[in-house]
Amino acid sequence: MKIKVNENRKVYTFETVGTQNENNIAELQIEVPEKYKDFNKKIVFTTADGTTWDIVEDNTYKLTKAITKYKSVKFYIWLTKEEEDFRSEEKTLIFNSNTDVEKELEQEEINGINKILSKVETIEEKIETIETKGYDDTEVKESIKDLDLKKVNKDEVLTNLEIEEILKL
């Protein structure tokens, strides 16, 4: 995960962090403004158990289980040099729950998958019909443009990644 700190103390995070209770998996790449490059870099975490901090070496910090054991933590970047002190705004890192990939699917998940598969079948039927009539690719794409799988998924628990995996079937 990339963390960028601006001079106005604003923090931007890019990508996701990782999974709850993992150890030394997620790595934070921290970028600070040019004028603070030679400052000592620390990362401060606020958890349910209090506040803790650690040193950032070579603009990189590996999250350990001591931090990822929480569902979420607040953090800020603390830069120091002699009498100078700079602290970024506070942001939240959210860790995904562990997933048991061998557990039974819940009925809501099955219903969501079935709805998506039904739409995929409809799309395939339209494509077959259109292809037999001799239309080119652009006409095929136009004719199925109104079938938006994300709208079908509105009340379901499927992620975009899961939708993409289902569409590959």
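In this text the structure is predicted, and so the values were computed from the model without any measurement. Counting of residues starts from 1 at the beginning of each chain's written sequence and follows it residue by residue. Local features are withheld for residues below a pLDDT of 70 in this predicted model, meaning they are given only at 70 or higher, and side-chain atom pairs are given and counted only at 80 or more; totals for whole chains, interfaces and linings count all residues. To get the side-chain values, take all heavy atoms of the structure and skip hydrogens and water.

### Describing the packing of aromatic side chains
Point 1. Working definition: rings of Phe, Tyr and Trp (its six-membered ring) pair if their centres are within 6.5 Å, and the pair is stacked with planes under 30 degrees apart, edge-to-face with planes over 60 apart, and tilted otherwise. Overall, the coordinates contain 4 aromatic pairs when judged by the stated rule.
Point 2. The interplanar angle of 85° and the centroid separation of 5.0 Å between the aromatic rings of Tyr 36 and Phe 39 together place this pair among those described as edge-to-face. Summarising the burial analysis for this pair, Tyr 36 and Phe 39 share the class buried.
Point 3. Site record: aromatic cluster; members linked through ring pairs are Tyr 36, Phe 39 and Phe 86.
Point 4. Taking the ring centre of Trp 78 as reference, the NZ or CZ of Arg 87 above it sits at 4.5 Å. Each residue is assigned to one of three classes by its accessible area relative to the maximum for its type, calculated with a 1.4 Å probe on protein chains only: buried under 20%, partly exposed between the two thresholds, exposed over 50%. Two conditions define a charge located above a ring, namely a distance within 6 Å from the ring centre to NZ of Lys or CZ of Arg, and an angle within 35 degrees of the ring normal.

### Details of the nonpolar core
Point 1. The biggest cluster of nonpolar side chains holds 24 residues, and the ones touching the most others in it are Leu 28, Ile 30, Ile 43, Phe 45, Tyr 61, Leu 63 and Phe 75.
Point 2. Runs of H or I in DSSP of at least four residues are treated as helices and runs of E of at least two as strands, each being numbered from the N terminus. Going through the elements one at a time, strand S1 (2-5), strand S3 (27-31), strand S4 (40-47) and strand S7 (72-81) are the ones with two or more residues in this core.
Point 3. Here this core gets 4 residues from one element, more than from any other, and that element is S7. Among buried residues, the Ala, Val, Leu, Ile, Met, Phe, Trp, Tyr and Cys ones that are joined through side-chain atoms within 4.5 Å form a nonpolar core.

### Digging into the pairing of S4
Point 1. In terms of burial, S4 is largely enclosed, as 6 of its 8 residues are buried.
Point 2. In this sheet, S7 lies alongside S4 in antiparallel orientation, the contact comprising 7 bridges. Across the sheet, the residue bridging to Lys 41 is Leu 79, located in S7.
Point 3. The sheet contact formed by S4 and strand S5 (residues 50-55) spans 6 bridges and is antiparallel. When the bridges of S5 are listed, Ile 43 appears paired with Asp 54.
Point 4. By definition, two strands form a pair when at least two bridges between them are found by DSSP. Linkage of S4 to S5, two consecutive antiparallel strands, is achieved through a turn of 2 residues.

### Looking at the side chain of Lys 41
Point 1. Position of Lys 41 among the secondary structure elements: in strand S4.
Point 2. Engagement of the side chain of Lys 41 in a polar contact is seen with the backbone oxygen of Lys 37, the distance being 2.8 Å.
Point 3. Side-chain polar atoms of Lys 41 contact the backbone oxygen of Phe 39, separated by 3.4 Å.
Point 4. Contact between two residues is taken to exist if any of their heavy atoms lie within 4.5 Å; hydrogens are not considered. The residues contacting Lys 41, other than those within four sequence positions of it, are Val 32, Tyr 36, Asp 54, Ile 55, Val 56, Asn 59, Trp 78 and Leu 79. Whenever two N or O atoms come within 3.5 Å, that pair is a polar contact, provided that in protein one can donate a hydrogen and the other can accept it, and provided that, for residues adjacent in sequence, both atoms are side-chain atoms.

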